[in-house]
Amino acid sequence: MNNQTFSSLPLSPEQLKNLESLGYHTMTDIQAQSLPAVLTGEDVLAQAKTGSGKTAAFGLGVLQQLKVGLSKTQALVLCPTRELAEQVSQELRRLARAIANTKIITLCGGTPMARQLASLTHAPHIVVGTPGRLLKHLEKQTLDLSQLNVLVLDEADRMLDMGFYDDINAIIQQLPIKRQTLLFSATYPEQIQTISQRIQHNPVQVQVDTQQ
Ligand code: ADP
Ligand code: MG
């Protein structure tokens, strides 16, 4: 437990006001421990149980670095399932109320390609999705990630359990090497350490609630 407020962080007055209006008065433990590094652009490897506020822990970092005037995809969030991707998009949109005109889209299997292509005609600032469908868009060159600054692997343990390792690697091969990589997970199996070593550079490591 901690009682640190968000005002100790380098966030805009608009975002601090937005967080207050969302009822986020103090940071959760994972937020308090990871946000300082996330907001300075470092790679972060974070583990905390479900329900601990991990989305805002990476979401505030993703939003802070955004150049809204630049109509390019600047952040990609990989999630294991459509349901989780939609939850992440919803939370990012709440946090993005502090920034005008932020475009966030969700790309998952099960939605017709044509509808997704229509949503990509003006590049979204942030894309949230599942690895299989994202890879399909990259193969068809319908998604341009050449200006990407931040990659997030959310629920990385579940994505690996579901067999997404190869798809994740194929996606990462198409991303700029110079980027921030944030890896969030509910548990910390050895596979997480392995993938972190492959895709992150000197990550700040944060673990809370290890005795769940
Ligand atoms: P996780 O990804 O760790 O499972 P979520 O990011 O989904 O957790 O957050 C769980 C819930 O906690 C959400 O309903 C979210 O709105 C809420 N929440 C996140 N951060 C805070 C905070 N600082 N104060 C109050 N509620 C928060
Ligand atoms: Mg989550």
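What counts, and where the lines are drawn
Residues numbered from 1 in each chain as written. Chains lettered and ligands numbered in written order. Predicted model: local features only at pLDDT ≥ 70, side-chain atom pairs only at ≥ 80, totals over all residues. Helix = DSSP H or I, 4+ residues; strand = E, 2+ residues; numbered from the N terminus. Rg over C-alpha atoms; globule rule 2.2 N^0.38 Å. Buried ≥ 20, exposed ≤ 12 C-beta atoms within 10 Å, placed from the backbone. Contact = placed C-beta atoms within 7 Å. Near = placed C-beta within 6 Å. Nonpolar A, V, L, I, M, F, W, Y, C, P; charged D, E, K, R; others polar. Pairing = 2+ DSSP bridges. Axes fitted to C-alpha atoms, helices over the stretch in contact; angles between N-to-C directions.

Novice: Would you mind showing me how to read the overall build of the protein here?
Specialist: When you go through the protein residue by residue, the secondary structure sums to nine helices and seven strands. Computed over its C-alpha atoms, the radius of gyration of the protein comes to 16 Å, within 12% of the 17 Å expected for a compact globule of 212 residues. Projected onto its principal axes, the C-alpha coordinates of the protein cover approximately 45 × 40 × 30 Å. Looking at the protein residue by residue over its 212 residues, the buried ones come to 40%. Long-range pairs, those at least 24 residues apart, make up 72% of the contacts in the protein with a sequence separation of at least 6.

Novice: In this structure, what is going on with the site of ligand 1? I would like to understand it.
Specialist: Lining the immediate surroundings of ligand 1 are 14 residues, of which Tyr24, Thr50, Gly53, Lys54 and Thr55 lie closest. For the shell around ligand 1, the element with the highest residue contribution is helix α3 (residues 54-64), accounting for three residues. Grouping the amino acids of the shell around ligand 1 by side-chain chemistry returns four nonpolar, eight polar and two charged.

Novice: Can you help me understand the sheet that holds strand β3 (residues 104-107) in this one?
Specialist: Across the sheet, which stays open at both edges, the seven strands sit in the order β3-β4-β2-β5-β6-β1-β7 with parallel pairing between neighbours. Of all strands in the sheet, those bounded by a partner on one side alone are β3 and β7 (204-207). Sheet twist, expressed as the mean angle between neighbouring strand axes with direction ignored, is 15 degrees. Relative to strand β5 (residues 150-153), strand β2 (residues 75-78) runs parallel, the two sharing four bridges. Across the sheet, Leu78 pairs through a bridge with Leu153, a residue of β5. Running at roughly 170 degrees to strand β1 (residues 44-47), helix α2 (residues 29-39) makes contact with β1, β6 (180-185) and β7 of the sheet.

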